[in-house]
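What the coordinates show
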Amino acid sequence: MAHTGWRERLGLWRSLLMYYGIPGRQSRMRRCYGQFIRPGDVCFEIGAHVGNRLMAWRDLDATVVAVEPQPLLMDTLRRRYGKDPKITLVEEAIGAEPGEATLFISTRTPTVTTMSREWITQVQQDASFQSVRWDREVTVPVTTLDSLIELHGEPRFCKIDVEGFELAVLQGLSRPLAALSFEYIPASIDIALACIDRLEELGHYEYNLAPGETHRLQSERWLTPGEMTRKLEATREGSGDVYARRLRSFS
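Everything quoted here is computed from the prediction, not taken from an experiment. (Residues numbered from 1 in each chain as written. Predicted model: local features only at pLDDT ≥ 70, side-chain atom pairs only at ≥ 80, totals over all residues. Heavy atoms only, no water.)

Things to note about the sheet that holds strand β4 (residues 93-94)
Strand order in the open sheet formed by three strands is β4-β6-β5, with mixed pairing between adjacent strands. With one partner strand each, in any of the chains shown, β4 and β5 (99-105) form the two edges of the open sheet. Across seven bridges, the pairing between β5 and strand β6 (residues 136-143) is antiparallel. In the strand pairing of β6, G99 is matched with V142. (Pairing = 2+ DSSP bridges. Helix = DSSP H or I, 4+ residues; strand = E, 2+ residues; numbered from the N terminus.)

Observations regarding the packing of aromatic side chains
Here a ring pair, both rings aromatic, is described through the centre-centre distance and the interplanar angle of the planes. Inspection of every chain in the model, using the stated rule, returns 11 aromatic pairs. On the numbers, 6.2 Å between centres and 80 degrees between planes, the contact of F36 with W222 is edge-to-face. Within this pair, whereas F36 is found in the loop between α2 (25-33) and β1 (42-46), its partner W222 is found in the loop between β9 (205-211) and α9 (225-233), the two being separated by 186 residues in sequence. Take F36 and W222: they sit in the same class, and that class is buried. Cluster of aromatic residues (ring-pair linked, three or more members): Y33, F36, W57, F157, W222 and Y243. (Phe/Tyr/Trp six-rings, centres within 6.5 Å; stacked < 30°, edge-to-face > 60°. Buried < 20%, exposed > 50% of the residue type's maximum accessible area, 1.4 Å probe, protein only.)

Digging into the packing of α2 against helix α3 (residues 52-59)
Contact geometry of α2 with α3 gives a least axis separation of 9 Å together with a crossing angle of 60 degrees. It follows from the interaxial angle that α2 and α3 lie oblique. Crossing angle aside, the handedness with which α2 passes α3 is right-handed. The residues of α3 that touch α2, namely those facing R25, Q26, M29, R30 and Y33, are N52, R53, M55, A56, W57 and D59. (Axes fitted to C-alpha atoms, helices over the stretch in contact; angles between N-to-C directions. Parallel < 35°, antiparallel > 145°, perpendicular 65-115°, else oblique. Left-handed = near helix turned anticlockwise from the far one by under 90°. Contact = heavy atoms within 4.5 Å.)

Overview of the sheet that holds β1
Strand order in this open sheet of seven strands is β3-β2-β1-β7-β8-β10-β9, and the pairing throughout is mixed. Strands with a single pairing partner mark the edges of an open sheet, and in this sheet they are β3 (87-90) and β9. The mean angle between the axes of side-by-side strands here comes to 15 degrees, regardless of whether they run parallel or antiparallel. Direction of pairing for strand β8 (residues 179-184) relative to strand β10 (residues 240-246): antiparallel, over a ladder of six bridges. Pairing of A179 across the sheet is with R245, part of β10. Sitting on the sheet, helix α8 (residues 189-202) touches β8, β9 and β10, and the angle it makes with β8 is about 160 degrees. Its contacts with the sheet place α9 against β8, β9 and β10, and it is angled at close to 25 degrees to β9.

Here it is, written out as structure tokens:
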């Protein structure tokens, strides 16, 4: 157990250095998210990890609901942000329906902790995941986006980064949101494509893409669902985030 704790804390420090230690990242996030978030807006951070986006969003004067099921990471979030009255921390996972689920934790690389066994199988085919191990399992409570909205109001922006569980998160949503983002990884690109299909069931959106942790939208022109689908299908390497904004929401 002591060894597991040591590995988890090493993984935590690696994440803190990665997400807080890179110069300029916070200013890039403020510029990127400032396109979607206005002062006073409610925002959902689904998969808050160590909370670097919380800092940027609070600088934009947003009210934030941050969801993170990993116990060690939630402890970190409470220490950093627990006294901020405009940040609500939720130690649960988000899925298609409420209940419980198994969280597969990578203690060395907590950024790839997931609730999807299928996603683990998919990404292990990628060379960049060859050394990753999911070496701890915990049972966590699961709620839905609809339930979060009922409790905290509808978000102006919702970021979803849950390592292959993005579609399940959207399946627990029954209304279109103004704007959101979700992760894509070439090894599991079918999940990102299914997320586009799900969003189009809820409403009509246009799309953009930010590679890696650049927090810069790649396309000068927002893309149709078909254009974004083709772009993702042609992506062979590098992960990132797909951004979606509801048509007519930004007029």
